[in-house]
Amino acid sequence: MKIKGFNRAIRLLLGSAVFVSLTASGVVAREKENALSAARQTSTDVAGLQAPGQILVDVWGIPHIYAGNEHDLFFLQGFNAARDRLWQIDLWRKRGLGLLAKDFGPAYAEQDKALRLFLYRGDMKAEWAAYGPKAKTFAEAFVAGVNAYVGDVQAGRRPRPIEFKIAGTMPDLWSADDVVRIRSHGLTRNVASEVKRSLVACAAGLEADRLRVKLEPSWTTKIPEGLDPCSVPKAVLASYDLATRPVRFALAKDQKAELAHDPDVYLAEADQQRDTIGSNNWVVAPARTATGRAILANDPHRGHSVPSLRYIVGLNAPGLSVIGAGEPALPGISIGHNDTIAFGLTIFNVDQEDLYVYELNPANPNQYRYRDGWEDMRIVHEKEQVKGEGDHDLELKFTRHGPVIYVDEANKRAFAVRSIWFEPGTSAYFGSSDYMTAKDWNGFLTAMRRWGAPSENQVYADTKGNIGWVAAGKTPRRVNFDGLMPVPGDGRYEWQGFLSLDELPKVYQPKQGWFATANQMNLPDDYPVAERKVGFEWADSARWQRIAEVLQANRKMTLADAMDLQNDDTSMLARRLVALLKPLSSDDANVKKGLELLKAWDARDSADSAAAALFEVWIANHLGAELLKTAAPKAANLIAPEASGIPAMVAFLEVPDPRLLDEPAAARDRILRDSLGSAVAEVVDRLGEDSTTWRWDRLHVAKFDHALMPLADKATASQLSVGPLALGGAGNVPHAATYRRSDYRLISGASFRMVLDVGGWDASRTINTPGQSGDPFSGHYRDLAPLWATGQYVPLLYSRAAVEAATAEAITLTPR
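Since we're looking at a predicted model, the values are computed, not measured. (Residues numbered from 1 in each chain as written. Predicted model: local features only at pLDDT ≥ 70, side-chain atom pairs only at ≥ 80, totals over all residues. Heavy atoms only, no water.)

Peer 1: Sorry if this is basic, but what is going on with the overall build of the protein here?
Peer 2: Within the protein one finds 27 helices and 31 strands. Here the protein has a C-alpha radius of gyration of 26 Å; the compact-globule value for 816 residues is 28 Å, and the two agree. Overall, the C-alpha framework of the protein stretches about 80 × 70 × 55 Å when taken along its three principal axes. Counting all 816 residues of the protein, 64% fall into the buried class. Once local pairs closer than 6 in sequence are excluded, the contacts in the protein between residues at least 24 apart make up 73%. As displayed, the protein offers around 28900 Å² of accessible surface, 50% of which is attributable to carbon and sulfur atoms. Within the protein, the 100 negative side-chain charges are centred at a point lying 2 Å from the centre of the 94 positive side-chain charges. (Helix = DSSP H or I, 4+ residues; strand = E, 2+ residues; numbered from the N terminus. Rg over C-alpha atoms; globule rule 2.2 N^0.38 Å. Buried < 20%, exposed > 50% of the residue type's maximum accessible area, 1.4 Å probe, protein only. Contact = heavy atoms within 4.5 Å. Areas by Shrake-Rupley, 256 points an atom, 1.4 Å probe, with all protein chains shown as cover. Lys, Arg positive; Asp, Glu negative; His and termini not counted. Charge placed at Lys NZ, Arg CZ, Asp CG, Glu CD.)

Peer 1: Can you walk me through the environment of proline 362 in this structure?
Peer 2: Here proline 362 is to be found in the loop between β10 (353-361) and β11 (364-370). Judged by its relative accessible area of 61%, proline 362 is exposed. Distance from proline 362 to glycine 760, taken between C-alpha atoms, is 69 Å for residues 398 residues apart in sequence.

Peer 1: Before we go on, may I ask you to explain the state of the cysteines in this structure?
Peer 2: Cysteine pairs can be linked by a disulfide, which is a covalent bond between their two sulfur atoms. Under the defined criterion, the tally for this structure stands at one disulfide. The disulfide bridge from cysteine 202 ends at cysteine 230, spanning 2.1 Å between sulfur atoms. Its S-S torsion of about 105 degrees marks the bond between cysteine 202 and cysteine 230 as right-handed, since a negative value means left-handed. Of the two residues, cysteine 202 sits in helix α10 (residues 191-204) while cysteine 230 sits in the loop between α10 and α11 (238-244), which places them 28 residues apart along the sequence. Taking the relative accessible area as the measure of exposure, cysteine 202 reaches 36% and is therefore partly exposed. (Disulfide = S-S within 2.5 Å.)

Peer 1: For this particular structure, what's the right way to read the environment of asparagine 621?
Peer 2: Its place among the elements puts asparagine 621 in helix α20 (residues 610-621). Distance from asparagine 621 to histidine 780, taken between C-alpha atoms, is 37 Å for residues 159 residues apart in sequence. Of note is the side chain of asparagine 621, whose polar atom sits 2.9 Å from the side chain of arginine 741. A polar contact of 2.7 Å, which involves the side chain of asparagine 621, links it to the side chain of tyrosine 744. (Polar contact = N/O pair within 3.5 Å; in protein donor to acceptor, adjacent residues only side chain to side chain.)

Peer 1: Looking at this model, I keep getting lost on the pattern of salt bridges. Mind explaining?
Peer 2: A pair can form between side chains of opposite charge whenever their charged atoms are brought close. In total, this model carries 55 salt bridges according to the counting rule given. The partner of arginine 478 in a salt bridge is aspartate 351, with the nearest N and O atoms 3.4 Å apart. Linking arginine 478 in strand β19 (residues 476-478) with aspartate 351 in the loop between β9 (341-347) and β10, this pair joins segments that are 127 residues apart in sequence. Residue arginine 478 shares its accessibility class with aspartate 351, and that shared class is buried. (Salt bridge = Lys/Arg side-chain N within 4 Å of Asp/Glu carboxyl O.)

Peer 1: Which parts of the structure should I look at to understand the packing of helix α19 (residues 589-599) against helix α24 (residues 664-687)?
Peer 2: Between α19 and α24, whose axes approach to 8 Å, the crossing angle comes to 90 degrees. Regarding the angle of α19 to α24, the classification is roughly perpendicular. Where α19 abuts α24, its residues Asn590, Val591, Lys593, Gly594, Leu595 and Leu598 lie against Arg673, Leu676, Gly677, Val680 and Ala681. Looking at the contact of α19 with α24 residue by residue, the class counts come to six nonpolar, three polar and two charged. (Axes fitted to C-alpha atoms, helices over the stretch in contact; angles between N-to-C directions. Parallel < 35°, antiparallel > 145°, perpendicular 65-115°, else oblique. Nonpolar A, V, L, I, M, F, W, Y, C, P; charged D, E, K, R; others polar.)

Peer 1: I keep staring at the sheet that holds strand β18 (residues 467-472) and nothing clicks. Help me out?
Peer 2: One key point about sheets: their strands pair by backbone hydrogen bonds, in either a parallel or an antiparallel sense. The strand order across the open sheet built from 11 strands is β1-β31-β2-β3-β6-β7-β8-β9-β17-β18-β22, with neighbouring strands paired in mixed fashion. A single partner strand is all that each edge strand has here, and the edge strands are β1 (40-46) and β22 (506-508). Sheet twist, expressed as the mean angle between neighbouring strand axes with direction ignored, is 15 degrees. Pairing between strand β8 (residues 335-337) and β9: two bridges, direction antiparallel. From the neighbouring strand, histidine 337 faces β9, where its bridge partner is alanine 342. Each of β9, β17 (456-462), β18 and β22 touches helix α15 (residues 441-448); the most contacted strand, β18, lies at about 10 degrees to it. (Pairing = 2+ DSSP bridges.)

Peer 1: Please clarify how the nonpolar core should be interpreted in this entry.
Peer 2: Generally speaking, nonpolar side chains in soluble globular proteins are found buried as a group. Judged by nonpolar contacts, the single largest core of 221 residues is most densely connected at Leu237, Phe444, Leu598 and Trp618. The element contributing the most residues to this core is helix α3 (residues 70-97), with 13 residues. Residues in contact with leucine 237, not counting those within four places in the same chain, are Val191, Ala192, Val195, His261, Tyr266, Leu267 and Ile405. Residues Ile295, Leu559, Leu720 and Val755 belong to the second largest nonpolar core, which totals 48 residues. (Core = buried A, V, L, I, M, F, W, Y, C linked by side-chain atoms within 4.5 Å.)

Peer 1: Is there a simple way to think about the packing of α20 against α24 in this case?
Peer 2: Any two packed helices are characterised by the angle at which their axes cross and by the distance between the axes. Orientation of α20 relative to α24, taken along the N-to-C sense of each, is 120 degrees, at an axis distance of 9 Å. Comparing their axes, α24 and α20 come out oblique. Both α20 and α24 take part in a crossing whose hand is right-handed. Contact with α20, carried on its side by Ala613, Leu614, Val617, Trp618 and Asn621, involves Leu672, Ser675, Leu676, Ala679, Val680, Glu682, Val683 and Leu687 of α24 and no other residues of that element. (Left-handed = near helix turned anticlockwise from the far one by under 90°.)

In structure tokens:
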């Protein structure tokens, strides 16, 4: 943590008197009898509220909600989410339910159809029961609060947010079922990789796919009996892409291009997500901290956006007090703490979906071969309202495994996705409404037994000093196949139920006094992989290796140490590649310059580093392409488009084999030199000849552009945008900041970070970017972005006294 910069920011936000109070006292309190007297006071009445409540918004835009009962607490959480993020949550609902064309016109009709294919359509009683005893009542209260605000907007009692004016739409009312039926915002895996592996196998054989992704634990896959990998079309996932992508907006003349499905782009992005859609988290036992209290840290990595995906909120009612971050359209929080336990999550890479290939009946295209006969597809007809065109009839087809996403009419084949999304209890993150109220490890495990999606590494700490880790999520039991390629849908390859929580790994009170996860393969060495095929495609272990290196060496970790580690730029991957460069030399001017820079480098992707700029350009656009020209030329275009395959390629370069011809080591060295020389040429073109002026942050910047910017006038579009902000970090370092290859601009990483002092709660720290509010004209729309970009944090206050001392706005709410 950069203490001077942090102190300066706090002084600016609070003023010196309050700053002294915050830093000098364990419990924050203004030197005034009434701590709220300096806050802006507002009040409003709300239909549906049962008793008076209060929302205290602190100077960083974090709302702390106080209610007299549980109903009102979640009611006010929904009301506040609509108050601060109405456009975002309204669009989340319309997108999830497939209602876009009603507001935005016929260009969105196909996306609506795709989205409806992936809705939960099962037994709602079983669905609600799967989340725990209070899930439905929490959701009903939350939705009632959202609707209270929406109803007032519709009636003109509250202003319509500017985003609706830009789009020419109004917000809609919700039902509680909407919250859980929507699945397509969640994270599952690995259907896109199955398609990519089939394409590579068709082009160059399965062995070539090892240069795309390293299978872990060590595993050799094979083409399933009955599958022709060349029968899988590149565009087979067009509907899946439409169902899982964000909503894109464009002027009418640009809509066709903007909304189109490009299979090459989609498959490349899906590959990249192995290393970019993840997180870091760790817990440290009291014996290894400076305070003698446990520390829990978490920084989830997702696509960056404005408003932020996460929303920080404090929830307080008799018997319930929690604070942390969740997704704004869901009740509760998923990352944070209550009065006794803390919790944080990262993706645990369970393979939760499969692509099924069917032979169609030549006499009836709505029948597919199953076992010894033909089975009818289930056909559902729904009405779709389309702006300017009236109602469309949607025909949705389903097999016993899931929605039909593609039909190859010429070859009489159909393709469907089986996903855990169609099982009860798998609405993404909603299960956190269960575990956030747990009081100890056993209560936490009870809630995790019900956890469905996404599959997570959940770390745990409590005020008694206990720490733990549990892997949880709906995990298909595959007996006779491994889930790495599409399979025939004729009954030979079926899931045999799901693994129980007791069949997944967990640790309580780890001997080393800490535990960390970073989406790496973390199944224990003795885990029965062949019997329990959890998954074989994990993120590169580089982030975890660096985190583990630091945690193991630091026997008295502080909160500042934990914040520094979340912003650590050390590249373990760079260390390995630089080691390969050490013996090399060259007379070529570009190669010589590159070798000089990288051999002297500390392997840190620091913002001001010239070598970091060269290294990231090299691995993003040059090294992989050069390697594949020799090692797998027939699959080069399939494997090379993204840097996500670099970890697998580095492992190959460290131990080259005859795929690099008769002299593998010499060929490897040639590849390293040639690709480095071309990378230097690119950096010279972008940053100039003088390498002393090169900096990574001249290329690597964050700019948050609102999805509606293409529809806004120039002045409003400028107000909707945040940045640019210069950054260090990269995709495979703890300071995760993944960029796009074309211009090195940030696309994903840790928009939210949290470091918890477990039991000394008011000392905890957090950050969200670009800000807490979704209102472009709010001070909290962009205020946290400069702090985030420079690795700084703000207090995550918990006690009422601390919250009151830092309150900027006190909102009193009364029943109407």
